[in-house]
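# Survey of secondary and tertiary structure
What follows is each chain in one-letter form.
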Amino acid sequence: MTAFNDGPAFNDEPAVGDALRRTLGVDRRRFLSTCTAAATAAIAAPVLGASPAVAHDRSRGHDHGHGHGGDLLVPANRRGIILYTVRDATGRDPLSTDLPSGFREVFKQLSRFGYRQVEFAGYGQHANAPGGANLESVEGARLLRSWLDDYGLRAQGNHGFIPSSWPLTTPDLDTFKKHLEIANILGMAHVGTGGDPTGSAYRADWDVAADKWNALGAIARRAGLKLYTHNHDAAYGFLLDGGPLDDQGRPTRSSGVRKLEYFLKVTDPKVVWLEMDIFWAHVAQYKFPTYTAHDGSTREKIFDPAGLVVRNNKRYPLFHAKDGTVNTTNGMGYDMVPFGTGVIDYTTFFSRVGDRSYHNPMVEQDNAPSATDPGQSLKHAKIGYDHLAALREKRH
């Protein structure tokens, strides 16, 4: 298997502080304040019609309402949201509510909040919304693009179709090419998926996945698009690549290389990119602090999400900006909360990864829709935008 990434490989930065703070990735002040306030914290929900909190210079991506534009960690024209966060709004019946419903009205609302980018999570909406239920077609993409243009939004990526077959079947290849055509009509620079390249822990399976993604990425590149994979915590677990074999002849121990670190090493950086979900990367930091080495010893290796990006900066054009509060009883280390209301240190993260004219952070909150508050996901989208816009470099 060819190794494409010749940069420094798998040297996570040393952790500091006590074990709990270290594996949660928060500083002492934020950790203590969260533990005391989490049970009583309340989120003020702004009205949906509120104007953007910040004035925008859309041609340059600068703010003029929060101090000096040079201090911005996320320029105005880079602030995005994945539409999965507001999937209840795009999916509800516009004939049964006065709330924004369907893609067109949701785009309008997101634009009023200040967003300038969106990431799709499918092209379906309620059948009574303008355009009908299924916009996953050339005609549907043209309609979506007209609405994006109307409200000053850019489609930056999507969580869409990746062929399950390998080698590729003709129907899978044709469907993949259709999605590339849709992405180009929508004006995307990137096209992706919400799943891991493989669910396996074994190096041989990641080698196969790398071959497949290199091939798909080359097809996407010929269409003028960058192919990316979006990953949750499991992909940052340790690769099983040595030690005694199990009864099926598979390795049972690790060299300390994480699965996605290996994937970055064996995929071509000219055709394969990644989108880091920063929340799930911090969950991985909490869940996978040690591994069993080939010799059977237990070794500590704390995952540093920002460090992985720094070592592979151009491989990460997109992020999911998702927040959490400390919870050491749920197996993940965090509970998901609206962006900017948790303890994940986004000021430090974005300061460390830098290159703010390249990265595209997409606000996401998986649990934003509410069965009892139909407007909650859009309210939380507004909260997320305001906190993303407020991020500034620390002054030393």
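Residues numbered from 1 in each chain as written. Predicted model: local features only at pLDDT ≥ 70, side-chain atom pairs only at ≥ 80, totals over all residues. Heavy atoms only, no water.

## A closer look at the packing of aromatic side chains
Under the criterion given, the structure shown has 17 aromatic pairs. Where Phe 107 meets Phe 120, the ring centres are 6.2 Å apart and the plane angle is 90 degrees; that geometry is what we call edge-to-face. Note that Phe 107 is positioned in helix H4 (residues 102-113) and Phe 120 in strand E4 (residues 117-120), a separation of 13 residues in sequence. Exposure remark for Phe 107: the relative accessible area of 0% places this residue in the buried category. Judged by its relative accessible area of 0%, Phe 120 falls in the buried class. Three or more aromatic residues joined by ring pairs make a cluster, and in this case those are Phe 319, Phe 339, Tyr 346, Phe 349 and Phe 350. If you follow Arg 87 out to its NZ or CZ, it ends over the ring of Tyr 84, 3.8 Å from the centre. A cation over a ring is seen here: Lys 314 above Tyr 358, with NZ or CZ 4.2 Å from the ring centre. (Phe/Tyr/Trp six-rings, centres within 6.5 Å; stacked < 30°, edge-to-face > 60°. Helix = DSSP H or I, 4+ residues; strand = E, 2+ residues; numbered from the N terminus. Buried < 20%, exposed > 50% of the residue type's maximum accessible area, 1.4 Å probe, protein only. Lys NZ or Arg CZ within 6 Å of the ring centre and 35° of its normal.)

## Let's talk about the environment of Tyr 346
Counting through the fold element by element, Tyr 346 comes out in helix H11 (residues 346-353). On a C-alpha basis, the gap between Tyr 346 and Ala 306 in space is 10.0 Å, while along the polypeptide they are 40 residues apart. Dropping the residues within four chain positions of it, Tyr 346 is found in contact with Leu 73, Ile 278, Phe 279, His 320, Ala 321, Lys 322, Asp 323, Phe 339 and Leu 391. Here Lys 322 takes part through its backbone oxygen, which lies 2.4 Å from a polar atom of the side chain of Tyr 346. (Contact = heavy atoms within 4.5 Å. Polar contact = N/O pair within 3.5 Å; in protein donor to acceptor, adjacent residues only side chain to side chain.)

## Points about the sheet that holds strand E5 (residues 154-158)
The strand order across the open sheet built from eight strands is E5-E4-E3-E16-E13-E10-E7-E6, with neighbouring strands paired in parallel fashion. Only two strands of the sheet have a single neighbouring strand rather than two, namely E5 and strand E6 (190-193). For this sheet, the mean angle separating the axes of adjacent strands, direction not counted, is 30 degrees. Sheet analysis places E4 next to E5, joined by four bridges and oriented parallel. By the bridge assignment, Gln 117 is partnered in E5 with Arg 154. (Pairing = 2+ DSSP bridges. Axes fitted to C-alpha atoms, helices over the stretch in contact; angles between N-to-C directions.)

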